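Residue-level structural notes
Read off the chains here:
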Amino acid sequence: MKPKLAVHKFSSCDGCQLAFLNAGEELLTLSEQVDIVHFAEAGLVDIDAKVDIAFVEGSISTPDEEERIQRIRANSAYLITIGACATAGGIQALRNSADHKAWIAGIYANPAYIQSLATSTPIAAHVRVDLELWGCPVNTQQVFSAIKSLLFQAKPRVTRETVCMECKRKGHVCVLVTKKQACMGPVTQSGCGALCPGVNRACYACYGPAENPNTLSLSHAFEKLGLEKNSISHKFLHINNQAPAFKKAALYDQTK
Ligand code: SF4
Ligand code: SF4
């Protein structure tokens, strides 16, 4: 019998699910090796199916999602979160430090109909997660490499080295050194193939913090480039604003 696989969606933009859909022919090959039983974006719906591998995109930001993730965990042997929303709460987690009720009242004509939590939190804050794949969005290669490892009963390999390491291996010219751009590559984990520096643009940290990131040192370097403390803090309050290392680094504007 083929292993069963599900792709679940929570609060998110759906972009990480495209990592599957964009795989094209590889997705067809995968469907010969596994039974994809739930993947609403691809038209397959069986939300409470018991599966061997569950991929989860999106953050927990409604009471319904709080309850649904518990059911999914109970039905899944191996649970993998994909993307910044599922692993760190996503850009929508900026609301965690705002007045949630005031925003709802200011935006919606009938706030009573809106059922959302005051916070957006990662899946790991609610259930055990077996593997986290970061990125906004994750890339197809990361996702398929994890599936292949699991099909061979091997532990998927993830590296949390910096984008700079990947950037150097590819021979890109450093935009921080040569163009004085405030590149977040020194504190961001790789996985994207150093995409932005490859087109002469600074990294904005969509893959989240690398292992032991020296955010203070990078913040000092940005200040030497002429950035205001407030702008430096904002660089960490981005897609992965609730990742602990970035949340702490965002307090830079409060340092003397
Ligand atoms: S361009 Fe950015 S990611 Fe690349 S080496 Fe320079 S600082 Fe690191
Ligand atoms: S270089 Fe940085 S911002 Fe660009 S895709 Fe990679 S991690 Fe994301």
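Predicted model only: the values in this text are computed from it and were never measured. (Residues numbered from 1 in each chain as written. Chains lettered and ligands numbered in written order. Predicted model: local features only at pLDDT ≥ 70, side-chain atom pairs only at ≥ 80, totals over all residues. Heavy atoms only, no water.)

**Describing the packing of aromatic side chains**
Enumeration over the complete set of coordinates arrives at 4 aromatic pairs. Measuring from centroid to centroid gives 5.6 Å for Phe 20 and Phe 39, while their planes differ by 70°, and the two rings are edge-to-face. Within this pair, whereas Phe 20 is found in helix H1 (residues 18–21), its partner Phe 39 is found in strand S2 (residues 35–39), the two being separated by 19 residues in sequence. This pair shows no difference in class: Phe 20 is buried, exactly as Phe 39 is. Feature note: the residues Phe 20, Phe 39, Phe 55 and Phe 144 constitute an aromatic cluster, connected by ring pairs. In this structure, Arg 68 is placed above the aromatic ring of Phe 10, and the distance from its NZ or CZ to the ring centre is 4.0 Å. (Phe/Tyr/Trp six-rings, centres within 6.5 Å; stacked < 30°, edge-to-face > 60°. Helix = DSSP H or I, 4+ residues; strand = E, 2+ residues; numbered from the N terminus. Buried < 20%, exposed > 50% of the residue type's maximum accessible area, 1.4 Å probe, protein only. Lys NZ or Arg CZ within 6 Å of the ring centre and 35° of its normal.)

**Comments concerning the side chain of Arg 73**
Among the structural elements, Arg 73 can be located in helix H3 (residues 63–75). For Arg 73, a relative accessible area of 12% gives the class buried. Among the polar contacts made by the side chain of Arg 73, one reaches the main-chain carbonyl oxygen of Ala 77 at a distance of 3.3 Å. Sequence-distant contacts of Arg 73, that is, excluding residues within four places in its chain, are made with Tyr 78, Leu 79, Val 127, Arg 128, Val 129 and Asp 130. (Polar contact = N/O pair within 3.5 Å; in protein donor to acceptor, adjacent residues only side chain to side chain. Contact = heavy atoms within 4.5 Å.)

**Points about the site of ligand 1**
Around ligand 1 sit Val 163, Cys 164, Cys 167, Lys 168, Cys 174, Val 175, Leu 176, Cys 183, Gly 185, Pro 186 and Pro 197, and those are all the residues in its vicinity. When residues of the shell around ligand 1 are traced back to their parent elements, those giving at least two are helix H7 (163–170) and helix H8 (175–178). Considering every element that reaches the shell around ligand 1, the biggest residue donor is H7, with 4 residues. Taken together, the residues of the shell around ligand 1 sort by class into 9 nonpolar, 1 polar and 1 charged. (Near = heavy atom within 4 Å. Nonpolar A, V, L, I, M, F, W, Y, C, P; charged D, E, K, R; others polar.)

**Notes on the pattern of salt bridges**
Applying the stated criterion across every chain yields a total of 10 salt bridges. Salt-bridge contacts for Asp 64 lead to Arg 68; the nearest nitrogen and oxygen are separated by 3.7 Å. Taken together, the positions of Asp 64 and Arg 68, both in helix H3 and 4 residues apart, correspond to about one turn of that helix. Overall, Asp 64 belongs to the partly exposed group, its relative accessible area being 45%. Between Asp 130 and Arg 73 there is a salt bridge whose closest N-O contact spans 3.1 Å. Residue Asp 130 is located in the loop between helix H5 (100–107) and strand S5 (131–133), and its partner Arg 73 is located in helix H3; the two are separated by 57 residues in the primary sequence. Given a relative accessible area of 26%, Asp 130 falls into the partly exposed group. Salt bridges here are not isolated pairs; linked through shared partners, they connect Asp 48, Glu 67 and Arg 71. (Salt bridge = Lys/Arg side-chain N within 4 Å of Asp/Glu carboxyl O.)

**With respect to helix H6 (residues 140–151)**
Two residues of an α-helix separated by three or four positions point the same way, owing to the 3.6 residues in each turn. A rise of 1.5 Å per residue sets the reference length of H6, with its 12 residues, at 16 Å; its end C-alpha atoms lie 16 Å apart and thus fit the reference within 8%. For H6, every residue scored as buried is listed here: Thr 140, Gln 142, Val 143, Phe 144, Ala 146, Ile 147, Ser 149 and Leu 150. In this fold, the buried residues of H6 make contact with strand S1 (4–9), H1, helix H2 (25–33), strand S3 (51–57), strand S4 (76–82) and S5. Taking the backbone nitrogen of Gln 141 as reference, a side-chain oxygen 3.1 Å away marks Asn 139 as the first, capping residue of H6. Residue Gln 153 follows H6 closely and has a positive phi angle near 55°. (Expected span 1.5 Å × (residues − 1).)

**So, the packing of H2 against H6**
Orientation of H2 relative to H6, taken along the N-to-C sense of each, is 25°, at an axis distance of 12 Å. As the angle between them shows, H2 and H6 are arranged roughly parallel. In this structure, H2 crosses over H6, and the sense of that crossing is left-handed. Packed against H2, whose contacting residues are Glu 26, Leu 27, Leu 30 and Gln 33, the element H6 presents Phe 144, Ile 147, Lys 148 and Leu 151 at the interface. Of the residues that constitute the contact of H2 with H6, the class distribution is 5 nonpolar, 1 polar and 2 charged. (Axes fitted to C-alpha atoms, helices over the stretch in contact; angles between N-to-C directions. Parallel < 35°, antiparallel > 145°, perpendicular 65-115°, else oblique. Left-handed = near helix turned anticlockwise from the far one by under 90°.)

**Concerning a nonpolar patch on the surface**
Nonpolar side chains collect at one region of the surface, where Ile 91, Leu 94 and Leu 237 lie side by side and expose about 220 Å² of accessible area between them. Tracing the backbone shows Leu 237 in the loop between helix H10 (229–236) and helix H11 (244–249). The class of Leu 237 is partly exposed, set by a relative accessible area of 32%. (Patch = residues over 30% accessible without salt bridge, like charges linked within 9 Å, V, L, I, M, F, W, Y side chains within 5 Å. Areas by Shrake-Rupley, 256 points an atom, 1.4 Å probe, with all protein chains shown as cover.)

**With respect to the site of ligand 2**
Close contacts around ligand 2 come from Thr 188, Cys 192, Leu 195, Cys 196, Pro 197, Cys 203, Tyr 204, Ala 205, Cys 206 and Tyr 207, and that covers them all. The residue makeup of the shell around ligand 2, split by class, is 9 nonpolar, 1 polar and no charged.

Remember that the coordinates give geometry; whether it matters functionally is a separate question.
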